[in-house]
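For reference, the chains in residue letters:
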Amino acid sequence: MANFKVDVVGKITNFDLSAKDAVMSILEAVINSIHSILERQSQDHSFQDGYINIIVDKNKDNLFGKEISSVTIEDNGVGFTTENMDSFLTIESQRKIKYGGKGVGRFSWLKVFSQAEIVSNYFENSAFYKREFIFNAKDDIDAIPQDSDISEYKTIVKLVNPHQELQPFLNKSIEALAKIIAKHALYYLISNPIKIKISENENEVFVNELVSNNIQEINSSRFRTKNYDFEIKHYKINKSFINHNEVLLTADSRLVESYNVEKLMPILSGWVDSFECYYAGIVSSEYLNTHVQANRLGFNISEESGELDPYPCMKDIKDKIISEIMFVLKDDINNIQKETYDKVVNYIENQKPEYSVLKHYCDEKLRLIKPNLKGDKLDDELHRIYRGLERESRDKIRVLIDEKDIFGSNYKEVFLEEFSKFDDCSKSNLAKYITYRKIIIELLESALKRNNDGYTKEEVIHNILFPMRSTNEEYGPCSHNLWLIDDRLSYMSYIASDKKIIDGKNRPDILCMDTPSVFKSDNYSGTHDSLTIIELKRPMRNDYNDESNPMVQMLDYVSAIRDGKAETHDGRLINADSNTRFYLYAICDINKSLLRILNRDDYKPLPDRLGYYKYHSGYNSQIEVLSFDKLVNDARIRNRIFIETLGGMVSFDKL
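A quick note: this is a predicted structure, and the numbers were derived from the prediction, not measured.

Novice: Just give me the short version of the overall build of the protein, but keep the residues and values in it.
Specialist: Per the secondary structure count, the protein includes 20 helices and 23 strands. Counting every position in the protein, which comprises 655 residues, the buried fraction comes to 49%. By sequence separation, contacts in the protein at least 24 residues apart represent 66% of the contacts at least 6 residues apart.

Novice: An account of the sheet that holds strand 20 (residues 581-587) is requested, with residue identities and associated values reported.
Specialist: The mixed open sheet is built from eight strands, whose spatial order is 16-17-18-19-20-23-22-21. For this open sheet the edge positions go to strand 16 (470-471) and strand 21 (604-605), each flanked by a neighbour on one side alone. Two strands pair when backbone bridges link them, and strand 21 and strand 22 (residues 611-616) are joined in this way by two bridges, in the antiparallel orientation. The residue of strand 22 that forms the bridge with Lys-604 is Tyr-613.

Novice: Before we move on, can you summarise the packing of helix 6 (residues 174-184) against helix 8 (residues 207-214) with the specific residues and values?
Specialist: Running from N to C, helix 6 and helix 8 point in directions that differ by 70°, and their axes come no closer than 9 Å. Taken as axis vectors, helix 6 and helix 8 run roughly perpendicular relative to one another. Considering the relative orientation of helix 6 and helix 8, their crossing is right-handed. Only Val-207, Leu-210 and Val-211 of helix 8 make contact with helix 6, whose side of the interface consists of Ala-178, Lys-179 and Ala-182.

Novice: Please set out helix 2 (residues 24-43) residue by residue, giving values where relevant.
Specialist: Across its 20 residues, helix 2 extends 29 Å between first and last C-alpha, which sits within 8% of the 28 Å expected from 1.5 Å per residue. Among the 20 residues in helix 2, 17 count as buried, and that is most of the element.

Novice: Kindly report on the side chain of Ser-148, identifying the contributing residues and their values.
Specialist: Positionally, Ser-148 belongs in the loop between strand 7 (146-147) and strand 8 (154-162). Classification of Ser-148 by relative accessible area gives buried; the value is 16%. A polar contact of 2.5 Å, which involves the side chain of Ser-148, links it to the side chain of Asn-121. Dropping the residues within four chain positions of it, Ser-148 is found in contact with Asn-121, Phe-128, Tyr-129 and Lys-130.

Novice: Give me the lowdown on the nonpolar core, citing residues and values where you can.
Specialist: Counting 68 residues, the largest nonpolar core has Phe-88 and Phe-135 as the members making the most contacts within it. Here this core gets nine residues from one element, more than from any other, and that element is helix 2. Grouped together as the second largest cluster of nonpolar side chains are 30 residues, Ile-502, Met-513, Tyr-544 and Ile-561 included.

Novice: Outline the environment of Ala-185, supporting the account with residue identities and numerical values.
Specialist: Following the sequence through the fold, Ala-185 ends up in the loop between helix 6 and helix 7 (186-191). Residue class for Ala-185 comes out buried when judged on its relative accessible area of 1%. Remark: the alpha-carbon pair of Ala-185 and Arg-254, spanning 69 residues in sequence, is separated by 5.6 Å. Sequence-distant contacts of Ala-185, that is, excluding residues within four places in its chain, are made with Ile-31 and Ile-34.

Novice: Describe the pairing of strand 10 (residues 203-206), and please don't skip the residues or the numbers.
Specialist: Pairing geometry for strand 9 (residues 195-200) and strand 10, over four bridges, is antiparallel. Opposite Glu-200, over in strand 10, you have Asn-203 as the bridge partner. In textbook terms, the turn of a hairpin is the stretch between consecutive antiparallel strands, and for strand 9 and strand 10 this stretch comprises two residues, one of which, Asn-201, has a positive phi near 55°.

Novice: Explain helix 6 residue by residue, including any values.
Specialist: Burial in helix 6 covers these residues: Ile-174, Leu-177, Ala-178, Ile-181, Ala-182 and His-184. In an axial view of helix 6, the angular spread of the buried residues amounts to 165°, which keeps them on one side of the axis.

Novice: Can you tell me about the pattern of salt bridges, naming the residues and giving the values?
Specialist: Inspection of every chain in the model, using the stated rule, returns 32 salt bridges. Taking the shortest distance from any N to any O, the salt bridge between Asp-363 and Arg-367 comes out at 2.8 Å. Of the two residues, Asp-363 and Arg-367 are both situated in helix 13 (residues 363-367); the distance of four residues between them amounts to about one turn of the helix. Residues joined in a network through salt bridges with shared partners are Asp-546, Arg-596, Arg-600 and Asp-601.

Novice: Account for unusual backbone geometry, with residues named and values stated.
Specialist: Even without being a glycine, Asn-161 presents a positive backbone phi close to 55°. Summarising the element assignment, Asn-161 is placed in strand 8. With relative accessibility at 43%, the residue Asn-161 sits in the partly exposed group. For Asp-602, which is not a glycine, the phi torsion comes out positive at approximately 65°.

Novice: So what about the sheet that holds strand 14 (residues 254-260)? Which residues, and what values?
Specialist: Taken in spatial order, the five strands make up an open sheet running 11-12-15-13-14, and their pairing is mixed. Of all the strands in the sheet, just strand 11 (215-225) and strand 14 have a single pairing partner and so form its edges. Sheet twist, expressed as the mean angle between neighbouring strand axes with direction ignored, is 25°. Bridge count between strand 11 and strand 12 (residues 228-238): 10 bridges; the pairing is antiparallel. Bridge pairing in strand 12 links Thr-225 to Tyr-228. The sheet strands contacting helix 8 are strand 11 and strand 12, and the helix crosses strand 11 at an angle near 80°.

Calculation rules
Residues numbered from 1 in each chain as written. Predicted model: local features only at pLDDT ≥ 70, side-chain atom pairs only at ≥ 80, totals over all residues. Heavy atoms only, no water. Helix = DSSP H or I, 4+ residues; strand = E, 2+ residues; numbered from the N terminus. Buried < 20%, exposed > 50% of the residue type's maximum accessible area, 1.4 Å probe, protein only. Contact = heavy atoms within 4.5 Å. Pairing = 2+ DSSP bridges. Axes fitted to C-alpha atoms, helices over the stretch in contact; angles between N-to-C directions. Parallel < 35°, antiparallel > 145°, perpendicular 65-115°, else oblique. Left-handed = near helix turned anticlockwise from the far one by under 90°. Expected span 1.5 Å × (residues − 1). Polar contact = N/O pair within 3.5 Å; in protein donor to acceptor, adjacent residues only side chain to side chain. Core = buried A, V, L, I, M, F, W, Y, C linked by side-chain atoms within 4.5 Å. Arc of directions from axis to C-beta. Salt bridge = Lys/Arg side-chain N within 4 Å of Asp/Glu carboxyl O.

Read these as geometric descriptors, not functional statements.
Right, here's the structure in full:
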């Protein structure tokens, strides 16, 4: 009878293993099997057929699917020899220190499972023996060896009955478990052909195939920091195996920590080559071996340290790792940067010309943009860079203005340089506005086309110009697109869309009021300088007559306003006298029925023949009848002056 010399329950209780790391108990058993096989290989150099079979048994269903009842790990390593059994019974044994063993891993089994059932067939003193025992929270273990009638190496560790609260963290598919094991023992599996199979019922996965089919070593390198040596092996790994570029920090050939390379090198946020592979670097060092925590879930290494500290901190190690990765992957990184830069520039030129200024002043920052950013995320990153440039330029100009010696020898040169940069930023804002106008013009063009239901209804056109049944007081001064008709309409003090101004059913489509500049205010109630009325008609309408046409309709509104019969939507009288100029716009297609009225009433054609005009002296009204084609054409022409102001920042064909 053999006994532990410590309180086993206390050791299990104090063993540091969180619920989310419950699978570590299985990994510890697998690593023990690997060490057992390595020990047999060291005794028999001809032995190369090491294997580990992992069998997952599940029973009843629950909310998470079938629950795990046991996990069995079988191997053909050296087994529980007398020396290994003594080590097993010795807390924190140094028996496997050459493999980095801490002598406590087996307690993770009981942290997660109720017990471990162990049967080991091993060779010792020229004969095979069998040792069978149960490892649980009790202090006594009966592990007396017996003669074996089986002449082969075989050890079985069966982890039985996981604690119920840990089931959700253990219940993984065998495919997922295979990836976890492969990643944890990657250093071993790359250098040693130990065959590891995981099975559940009729399904099985071979971990070695997972490694060999997905991993390619590309290089290895060494670095030194604060007199400590490190080795890093560089691999390209298929995207089906891992989903990001990462570095694996190992101790004694076992994974301890991993981190996403993207956090330190944003350029490596996606695949590193055209074969859709990710990068993985496996770092090893005697320094890491001696500083790993007992539970192997971290290192006793500070994140940062002073320059005089003789021991490397994590920042020292990671900085060196980045340098090594940059050197080994320099060709891949250059390709990624070029491809990403080309995509960003193409996006700017074709979709976001307002950021064109960045190509001149922030080229290096554009080259450092993370790959694979699309849509809003790319736009956010470009906006961040742009805002930084704009803020930097503005601040420098302010400093220059505030300097006392403004006539210094290089003041003018520096000031003009910064002012030119700030001016280009302003042009970028203009480019953004031009792009917006381009989209609105295209939207209007699309709305004018005939569809399966015929031509677009009037309200669709109306809402493009200005939201129906609303005012600029509700939506703000820049919430409409009346610039499609005339840019000056953007600055009217009051705009009402489809709001009743007189008794009856008729209401102007859009009414714009201006106030004398000296009286500009939100509550002005005096006589207006000018009033604008806009009437919209359905595209291709052709049933106008003398009583029903947009010109007569607008002049009736003028009469009502002059007679003091018109009020704003909130009851304020619309004041107009003989000096108030009315601008009347009829937006419609000019066809035969309307053309007959225009010719009879002496309307004059505009130079492009796409519209007509007339000044009505009796109403002090300038009337323009504009076709939809003219509306679109003129909007495009007016945009050109903005494009020319940009000095080639945006080309005509892109807008």
